[in-house]
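# Reading the structure
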Amino acid sequence: MVLTRDFKETVKERAVRDPAFAKAMLDEAATAFLNGEPHVARLILRDLVNASVGFETLAEETNRPSKSLHRMLSEKGNPSMDNLAAIFSAVRKRLGVAIEAHAVEAA
């Protein structure tokens, strides 16, 4: 099956058009990170940053260089906890949500 649209562009357009989808992406990124999947969290955050804040604005809001932020959220990125917290905070504020973590019994 041949794809007719770029997946990343489709995700970006949906996140721009549908605030609930963007919020679900943030929730999924936070959940992935807290469940020991930082690779997945970085990739979701990268797509969400592209769709919501943009890397240039994120750079201004976090006082970090745009290129560094791109690297942090890349396939092989390795952001520090401080940088990751700043990224989550900026995206969270842009979407107008708070993040709460709840522990649940493992299945």
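Residues numbered from 1 in each chain as written. Predicted model: local features only at pLDDT ≥ 70, side-chain atom pairs only at ≥ 80, totals over all residues. Heavy atoms only, no water.

The name recorded for the protein in an unreviewed UniProt entry is Transcriptional regulator, from Altericroceibacterium spongiae.

Before going further, it helps to examine the pattern of salt bridges. A full pass over the atoms with the stated rule returns 3 salt bridges. When the shortest N-O distance is used, the salt bridge between R46 and D47 registers 3.9 Å. The class of R46 is buried, set by a relative accessible area of 18%. R94 is the partner of E61 in a salt bridge, and the nearest nitrogen-oxygen pair spans 3.3 Å. (Salt bridge = Lys/Arg side-chain N within 4 Å of Asp/Glu carboxyl O. Buried < 20%, exposed > 50% of the residue type's maximum accessible area, 1.4 Å probe, protein only.)

This brings us to the nonpolar core. By size, the foremost hydrophobic cluster in this structure holds 25 residues, and its most contacted members are L45, L58 and I87. For this core, the secondary structure elements donating two or more residues are α1 (7–17), α2 (19–34), α3 (38–51), α4 (55–62), α5 (66–72) and α6 (81–95). The biggest single contributor to this core is α6, with 6 residues. Apart from the residues within four sequence positions on either side, L58 is in contact with V49, V53, L69, I87 and A90. (Core = buried A, V, L, I, M, F, W, Y, C linked by side-chain atoms within 4.5 Å. Helix = DSSP H or I, 4+ residues; strand = E, 2+ residues; numbered from the N terminus. Contact = heavy atoms within 4.5 Å.)

If a probe the size of a water molecule is rolled over the atoms, the empty space left behind becomes visible. Estimated volume of the largest pocket: approximately 290 Å³. A30, F33, L34, M81, L84, A85, F88, S89, I99, E100 and A101 together form the lining of the second largest pocket. For the lining of the second largest pocket, the secondary structure elements donating two or more residues are α2 and α6. The biggest single contributor to the lining of the second largest pocket is α6, with 5 residues. (1 Å grid on protein atoms, 1.4 Å probe; cavity = no way out; pocket = protein on both sides within 12 Å on 5 of 7 lines; lining within 4 Å. Points joined across faces, edges and corners; volume = space filled by probe spheres on them.)

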